[in-house]
Amino acid sequence: MRFHIMWRRINEPEDAYRDFFQTDDVDEAKDFAMRLAFDEVNLVYVRDEKLGEIVRDFDALKYRE
């Protein structure tokens, strides 16, 4: 899977991030990340394994290729 939604509770250490969900669809990754981030006790990011970076702009063309 290309996109990994990573999350941890706000009171956990920085290295406690873990996979919540994996998908090949950037829109689905954004949806899951937004749902997790809505709860104020979660810290969330989406990692693009193909490019080896954190997704910063879900609308960027490079994530749709």
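See the structure printed just above.
Residues numbered from 1 in each chain as written. Predicted model: local features only at pLDDT ≥ 70, side-chain atom pairs only at ≥ 80, totals over all residues. Heavy atoms only, no water.

What follows concerns the sheet that holds strand β2 (residues 18-23). Across the sheet, which stays open at both edges, the four strands sit in the order β2-β1-β3-β4 with antiparallel pairing between neighbours. Of all the strands in the sheet, just β2 and β4 (53-54) have a single pairing partner and so form its edges. In this structure, strand β3 (residues 42-48) lies alongside β4, joined through two bridges in antiparallel fashion. Opposite Asp48, over in β4, you have Glu53 as the bridge partner. Its contacts with the sheet place helix α1 (residues 26-38) against β1 (3-9), β2 and β3, and it is angled at close to 5° to β1. (Pairing = 2+ DSSP bridges. Helix = DSSP H or I, 4+ residues; strand = E, 2+ residues; numbered from the N terminus. Contact = heavy atoms within 4.5 Å. Axes fitted to C-alpha atoms, helices over the stretch in contact; angles between N-to-C directions.)

With that settled, consider α1. Helix length check: α1 (13 residues) gives 18 Å between terminal C-alpha atoms against 18 Å at 1.5 Å per residue, within 8%. All of the buried residues in α1 are Val26, Ala29, Ala33 and Leu36. Seen from one end, α1 has its buried residues packed into an arc of 90°, which puts them on one side. Turned more than 90 degrees from where α1 packs its buried face, Met34, Arg35 and Phe38 sit exposed. Along its buried surface, α1 packs onto β1, β2 and β3. Its side-chain oxygen at 2.8 Å from the backbone nitrogen of Asp27, Asp25 defines the N-terminal cap of α1. (Expected span 1.5 Å × (residues − 1). Buried < 20%, exposed > 50% of the residue type's maximum accessible area, 1.4 Å probe, protein only. Arc of directions from axis to C-beta. Polar contact = N/O pair within 3.5 Å; in protein donor to acceptor, adjacent residues only side chain to side chain.)

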